[in-house]
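Listed here are the chains, written in short residue letters.
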Amino acid sequence: MLLCHNLCGNKEKYPLSSNTLNVAVTKTFECSYIPGNQERLLVIQENQLNDHLFEQLLAMGFRRNGNAIYKPHCGACQQCVSIRVPALDFIPSKRQKRTLKANQHIHWQVSHQASEHHFPLYCRYINQRHNDGPMFPPTSQQYNEFLDCDWLEPTFIELFDGEKLIGVAVTDMLPNSLSAIYSYFDPDYEKNSLGSLMILLQCELAKEMGKQFVYLGYQIDDNIKMRYKRQYRPYQLLTASGWQIHQQLS
């Protein structure tokens, strides 16, 4: 059962294209990120979504999964913190520069069409690296549901070693930002740090296109698999006081 509410836009910080948006609150269910915790979500119920409105909702901490726009709403737990990288200010760390250098033989391209090679690669990735998570076992229905969107065409950043597809970063390309949806890669290339490489490429692409931000989703410090996003500096975290900048370490 969904409990319906109105979400009022703060015009000073987040000027929405309408005064209110209808949202629903889900029932609590088992948390996917912190064992033993329960979670619930705010879910946007809006028929007129578009890339401009979605970008405003990103700035309020929402994310996209297929057509669904959601945000954690878990009461006492505040572990899911929205994080974004100011693309024009981003400077790779020494470690990230080594990752870029080590993968100079890998070429990449931007595509706006899904390939028949994407899903088999996704299956290999989930089966070998995330067979203890909520996306296992992978199915074509599950894959299409988190990708397909009626009002926004996803972008695919494809990595190749020669002619072989070895990685895909699914990204939303928005008027003033990129939003990282999900990345997966060939498990045989684990030592190449392709997960890191695909974030670096999204930051590079955003900078080349003059985009202001790369949204990386939620930083969850209590989940070891979700701590890596603080490595891309400077970054901003969404707090009760708005977005707070964290500068490059000396």
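As the structure is a prediction and not an experimental result, all values here were calculated from the model. (Residues numbered from 1 in each chain as written. Predicted model: local features only at pLDDT ≥ 70, side-chain atom pairs only at ≥ 80, totals over all residues. Heavy atoms only, no water.)

### Quick word on the overall build of the protein chain
Threshold: The secondary structure listing takes helices from DSSP runs of H or I that are at least 4 residues long and strands from runs of E that are at least 2 residues long, numbered from the N terminus. What the globule rule says is 2.2 Å times the number of residues to the power 0.38, and the radius of gyration is computed from C-alpha atoms. Any two residues having at least one pair of non-hydrogen atoms within 4.5 Å are treated as being in contact. Here the open area of atoms and residues is found with the Shrake-Rupley method and a 1.4 Å probe, where only the protein chains shown may cover a residue.
Regarding its fold elements, the protein chain presents 5 helices and 15 strands. Against the compact-globule benchmark of 18 Å for 250 residues, the protein chain has a radius of gyration of 18 Å, which places it among compact chains. Along the longest, intermediate and shortest principal axes, the C-alpha atoms of the protein chain span 50 × 40 × 35 Å. Taking the intrachain contacts of the protein chain between residues at least 6 apart in sequence as the baseline, contacts between residues at least 24 apart amount to 62%. Accessible surface for the protein chain amounts to roughly 13400 Å². Of this, 49% is attributable to carbon and sulfur atoms.

### Observations concerning the nonpolar core
Most often, soluble globular proteins keep nonpolar side chains buried together rather than apart. This is how it is decided: Within this scheme, the nonpolar core is defined by two criteria: the residues are buried Ala, Val, Leu, Ile, Met, Phe, Trp, Tyr or Cys, and they are joined through side-chain atoms within 4.5 Å. Only protein chains enter the accessibility calculation, which uses a 1.4 Å probe; a residue whose area is less than 20% of its type maximum is buried, one above 50% is exposed, and one in between is partly exposed.
Judged by nonpolar contacts, the single largest core of 42 residues is most densely connected at Leu-159, Tyr-182, Tyr-184, Leu-194 and Leu-216. Here this core takes 9 residues from helix 5 (residues 194-209), the largest share from any one element. Once you skip the residues sitting within four places of it in the chain, Tyr-182 turns out to touch Tyr-122, Tyr-125, Ile-126, His-130, Met-135, Phe-146, Val-168, Ala-169 and Val-170. Within the second largest apolar cluster, 21 residues are counted, among which are Val-25, Leu-53, Phe-213 and Tyr-215.

### Topic: helix 1 (residues 51-58)
Heads up, the condition is: Between N or O atoms, a polar contact is any pair within 3.5 Å; within protein, one atom must be a potential hydrogen donor and the other a potential acceptor, and residues adjacent in sequence are included only when both atoms are from side chains.
The buried fraction of helix 1 amounts to 6 of the 8 residues, a majority that puts the element mostly inside the structure. Taken together, the buried positions of helix 1 are occupied by Leu-53, Phe-54, Glu-55, Gln-56, Leu-57 and Leu-58. N-capping of helix 1 is provided by Asn-50, with a side-chain oxygen placed 3.0 Å from the backbone N of His-52.

### Examining a positive patch on the surface
The test is simple: Like-charged residues within 9 Å of one another, or nonpolar side chains (Val, Leu, Ile, Met, Phe, Trp, Tyr) within 5 Å, are grouped into patches, provided each residue has over 30% relative accessible area and no salt bridge. In what follows, salt bridge is the name for a side-chain nitrogen of Lys or Arg lying within 4 Å of a carboxyl oxygen of Asp or Glu. Under this rule, positive means Lys or Arg and negative means Asp or Glu; His and the chain ends count for nothing. Lys charges are placed at NZ, Arg charges at CZ, Asp charges at CG and Glu charges at CD.
Side chains of Lys-94, Arg-95, Lys-97 and Arg-98 sit close together on the surface and give a patch of like positive charge. Judged by relative accessible area, which is 58%, Arg-95 ranks as exposed.

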